[in-house]
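The residues making up each chain are set out below.
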Amino acid sequence: MLKLNHISVTFNEGTPDEKRALNDIQLELNKGEFVTVIGSNGAGKSTLMNIISGALLPDVGDVFIGGKQVVHFPEYKRSTYIGRVFQDPMAGTAPSMTIEENLSMAYSRDKKRKLRLGVTKQRKELFRDYLTTLNLGLEDRLNAKVGLLSGGERQALSLLMSTFTEPNILLLDEHTAALDPSRAELITSLTDKVVREFGLTTLMVTHNMQQALDLGSRLIMMDKGQIIFDVNGEEKQKLAIEALLHEFRRIRGMQFGDDRAVLS
Amino acid sequence: MFISMFGAVESGIIYAIMALGVYLTFRVLDFPDLTVEGSFVTGAAVTAFSIVNGIPPFVATVLAAVAGFIAGCLTGILHTKGKINALLAGILMMTALYSINLRVMGQPTLSMLNETTLFDQLESVWAPLGIDSLFNGMISFLGIEQIPRTWAILILMIFVTIGIKLLTDFYLKTEIGLALRAIGDNKKMIRSLSANTDSLIITGVGISNALVALAGGLIAQLGGFADVNMGLGLIVIGLASIIIGEALFGTKSIVRATLAVILGAVIYRMIVTLALEVDFLEAGDMKLITAVIVVVALVTPKVIQTRREKKRRIQKRAQLRAGGDGHA
């Protein structure tokens, strides 16, 4: 469903601040696969997300969605295929517009926007049904401005908005990081539920190792712009935090050893 | 007094179309667009030039809107494709339009006094209906001696402005309109929902300036002339209308907000007219009066709100103290 081919990105090339954010990334996601991505700050996780969404263009490499080359598509065109939830709960919704208007905008994602009413009676029913699945009582507040909702409610709405049109790819960018533990847990379980329900091909960045282990069918660890660890299926289910940290040290330590060997 | 107020409402309802245009950019798109100072005159110039050259007044008025639309689109293109700051893009366009307006008119002021305007045509249809004498009979019954020349313009313009308001309301509720509103609210989000923000901004600023230029063309026909300086300070007038309207009538929904803008424009005209009745104020003081109105309209709601909050807290504290044991 998603294929990244030899992706490399360098920031501030030719200056002392030069940074290789992504280094020859090779990644393929099958349809319905739910991949969690972990890695320390500056590992290139966010850059990877931005490359897929089209907010950033790679120096070299290709991006295929559903077999279609999209690397030259501008962000707005690519988002026809991609649903995205940001870390900031304020980022995914328009605060001065109502819940139903926000949902209507998300509903138009994979359709051409026309000069017809965005919120119709029929759509209201549809939106109400979808909102009911969140169990937050938002279905009774269709006319409330989104700015009045709490951070958790807004993030739940963002999640719904980016999934209910069943996009080819769902990108989750630390989408629970800005919430308190109980809200984060709510969003985490909602995420699990919708991804399963719609069978979405998902890439989720997180700093929470437990979350990375609990959710999804595959786990990727990134460091210094490279994918250094990729595990799925049975093997992932058995993985524990300790083992993960150990793995990280082993891989990085070994490479450090290699470097030393080369230098000496 | 009645006559001058009548005139204020009459021109106010036309300026309301301009204020709706400014509302689209300032409030909906969050795009402070100064093009309007130029495009208003462009509307007037195109209308005057066309009418003087024998084009039917209705067509001339439509042409004004088209010219404004093009000017607005250019500003939008400068901003989105040329990456020029919104304010600067508007100022550049406004400056460029000054020269273009002069070229269109061929002289700084173009008179239409000997031509037939849209309103002249209207009056010739209107007069035989006898509605004027009916209305005038009613107001002279109220003891007012000076009666307006015709009610036709006022009544037509009320219909036209309300019509434009309804169209705007509908537009802002369509799928495209929702995306347009989201641009002023959360641009990053609407882009991630596959809306082409660049082309939306370009058409949005275009429509805004089409309305402004339409108002320019109508004001020129009302006054019987177009002048290259008639757009001076217009942006502040537009803002004043929006702010007064919002302060008095609220912004709960789009339908309410656009109505507030129209009423704001009319009330602004009335305030200016009242101010000019004061002996020591002159016509040249208009701009100062406008600035003062905007400042008052901006500051007063805030002051009232702070007062109300303070009062509420004092009451709350008194309440807690009175029944306070449990809350200590």
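Everything numeric in this text was worked out from a predicted model, so none of it was measured. (Residues numbered from 1 in each chain as written. Chains lettered and ligands numbered in written order. Predicted model: local features only at pLDDT ≥ 70, side-chain atom pairs only at ≥ 80, totals over all residues. Heavy atoms only, no water.)

**Student:** Teacher, can you tell me more about the overall build of chain A here?
**Tutor:** A tally of helices and strands in chain A yields nine helices and ten strands. Here chain A has a C-alpha radius of gyration of 20 Å; the compact-globule value for 264 residues is 18 Å, and the two agree. Dimensions of chain A, computed from the C-alpha atoms along their principal axes, are close to 75 × 40 × 35 Å. Here chain A holds 264 residues, and the buried ones make up 50% of them. Within chain A, contacts between residues at least 6 apart in sequence are counted, and of these 67% link residues at least 24 apart. About 12300 Å² of surface is accessible on chain A, with carbon and sulfur atoms providing 50% of the total. The average position of the 33 basic charges and that of the 34 acidic charges among the side chains of chain A differ by 6 Å. (Helix = DSSP H or I, 4+ residues; strand = E, 2+ residues; numbered from the N terminus. Rg over C-alpha atoms; globule rule 2.2 N^0.38 Å. Buried < 20%, exposed > 50% of the residue type's maximum accessible area, 1.4 Å probe, protein only. Contact = heavy atoms within 4.5 Å. Areas by Shrake-Rupley, 256 points an atom, 1.4 Å probe, with all protein chains shown as cover. Lys, Arg positive; Asp, Glu negative; His and termini not counted. Charge placed at Lys NZ, Arg CZ, Asp CG, Glu CD.)

**Student:** Sorry if this is basic, but what is going on with the interface of chain B and chain A here?
**Tutor:** Quite often, the size of an interface is put as the accessible area lost when its parts meet. Listed per partner, the contact involves 23 residues of chain B and 32 residues of chain A. Here chain B meets chain A over a buried area of about 2300 Å², counting both sides, of which 58% is carbon and sulfur. Viewed at the interface, chain A and chain B are joined by three salt bridges. Inspection of the chain B/chain A interface yields 18 residue pairs in polar contact (both at pLDDT 80 or more). Of all the elements, helix α8 (residues 175-185) of chain B adds the most residues to the side of chain B that touches chain A, at seven residues. Classifying every residue of the side of chain B that touches chain A gives ten nonpolar, six polar and seven charged. (Buried area = accessible area lost by both parts, 1.4 Å probe. Salt bridge = Lys/Arg side-chain N within 4 Å of Asp/Glu carboxyl O. Polar contact = N/O pair within 3.5 Å; in protein donor to acceptor, adjacent residues only side chain to side chain. Nonpolar A, V, L, I, M, F, W, Y, C, P; charged D, E, K, R; others polar.)

**Student:** Would you mind showing me how to read the UniProt feature "domain: ABC transporter" (unreviewed entry) in chain A here?
**Tutor:** UniProt marks residues 2-249 of chain A with the feature "domain: ABC transporter" (unreviewed entry), using the numbering shown here. The span residues 2-249 of chain A is 35% helix and 25% strand, and its two end C-alpha atoms sit 29 Å from each other. (UniProt positions renumbered as here; feature names shortened; annotations may be inferred.)

**Student:** I would appreciate a short explanation of the UniProt feature "transmembrane region" (unreviewed entry) in chain B in the present structure.
**Tutor:** Residues and elements named next belong to chain B. The sites that UniProt annotates as "transmembrane region" (unreviewed entry) are residues 12-29, 59-78, 84-104, 150-172, 193-219, 231-250, 257-276 and 288-304. Secondary structure across residues 59-78 divides into 100% helix and 0% strand, with the first and last C-alpha atoms of the span separated by 29 Å. End C-alpha atoms of residues 150-172 are separated by 35 Å, and the span's content is 91% helix alongside 0% strand.

**Student:** Help me understand the pattern of salt bridges, please; the structure alone is not making it clear to me.
**Tutor:** Close approach of charged atoms allows side chains with opposite charge to pair. Residue and element names in this part refer to chain A. The full count for this structure, using the stated rule, is 17 salt bridges over all chains. Notably, a salt bridge pairs Glu125 with Arg128, separated by 3.1 Å at the nearest N-O pair. Within this pair, Glu125 and its partner Arg128 are both found in helix α4 (residues 121-132), separated by three residues, close to a single helical turn. Its relative accessible area of 43% is what places Glu125 among the partly exposed residues. Of the residues examined, Arg128 reaches a relative accessible area of 32% and is grouped as partly exposed. For Asp192, the salt bridge identified is with Arg196, shortest N-O distance 3.2 Å. Taken together, the positions of Asp192 and Arg196, both in helix α6 (residues 181-198) and four residues apart, correspond to about one turn of that helix. Salt bridges sharing partners connect three or more residues here, namely Glu33, Arg218 and Asp230.

**Student:** Which parts of the structure should I look at to understand the pairing of strand β9 (residues 218-223) of chain A?
**Tutor:** Remember that side chains alternate between the two faces of the sheet whenever the strand is regular. All names here are of chain A. Counting buried residues in β9 gives six out of six residues, a clear majority hidden from the surface. Residues Arg218, Ile220 and Met222 of β9 are buried on one face, and the alternating residues Leu219, Met221 and Asp223, pointing to the opposite face, are buried as well. Note: strand β3 (residues 34-39) against β9, five bridges, orientation parallel. Following the sheet pairing, Ile38 is matched in β9 by Met221. Pairing of β9 with strand β10 (residues 226-232), which is carried by six bridges, proceeds in the antiparallel orientation. Residue pairing in the sheet places Ile220 in a bridge with Asp230 of β10. The turn linking β9 back onto β10 is made up of two residues, and Lys224 within it adopts a positive phi angle of 45°. (Pairing = 2+ DSSP bridges.)

**Student:** What am I meant to see in the nonpolar core here?
**Tutor:** The nonpolar side chains of a soluble globular protein tend to be buried, and buried together. Grouped together as the largest cluster of nonpolar side chains are 118 residues, with contacts concentrated most on Ile99, Leu103, Met105 and Leu131 of chain A together with Met18, Phe40 and Ile190 of chain B. Each residue touching Met105 of chain A, except ones within four places of it in the same chain, is listed here: Ala94, Met97 and Arg113 of chain A together with Leu178, Ala179, Ala182, Met189, Ile190 and Leu193 of chain B. Leu4, Ile7, Leu22 and Ile169 of chain A belong to the second-largest nonpolar core, a separate cluster that totals 27 residues. (Core = buried A, V, L, I, M, F, W, Y, C linked by side-chain atoms within 4.5 Å.)

**Student:** Would you mind going over empty space enclosed by the protein with me for this structure?
**Tutor:** Over the atoms a probe the size of a water molecule is rolled, and this reveals where empty space is left. Using the criterion set out here, one finds two cavities of 30 Å³ or more in the structure. What the largest cavity holds in volume is close to 70 Å³. Around the largest cavity, the lining residues are Arg84, Phe86, Gly92, Arg109, Ser158, Met161 and Ser162 of chain A together with Met189, Ser192 and Leu193 of chain B. Of all elements in the fold, only α5 (151-163) of chain A together with α9 (187-192) of chain B reach the threshold of two or more residues within the lining of the largest cavity. When residues in the lining of the largest cavity are grouped by element, the largest group, three residues, is from α5 of chain A. Put simply, the second largest cavity is a space of about 50 Å³. As for the second largest cavity, its lining consists of Ser53, Glu75, Arg78, Ser79, Ile82 and Arg84 of chain A together with Ser192 of chain B. Tallied by class, the residues present in the lining of the second largest cavity amount to one nonpolar, three polar and three charged. (1 Å grid on protein atoms, 1.4 Å probe; cavity = no way out; pocket = protein on both sides within 12 Å on 5 of 7 lines; lining within 4 Å. Points joined across faces, edges and corners; volume = space filled by probe spheres on them.)

**Student:** Whenever I open this one, the side chain of Arg109 of chain A confuses me. Can you help?
**Tutor:** Its location among the elements puts Arg109 of chain A in the loop between α3 (99-107) and α4. Here Arg109 of chain A sits buried without a salt bridge, and the closest side chain of opposite charge, Asp110 of chain A, lies 6.1 Å off (N-O distance). For Arg109 of chain A, the side chain forms a polar contact with the side chain of Thr165 of chain A, separated by 3.4 Å. When neighbours within four sequence positions are excluded, Arg109 of chain A is seen to be in contact with Ser79, Thr80, Ile82, Gly83, Met161, Ser162 and Thr165 of chain A together with Ser192, Leu193 and Ser194 of chain B.

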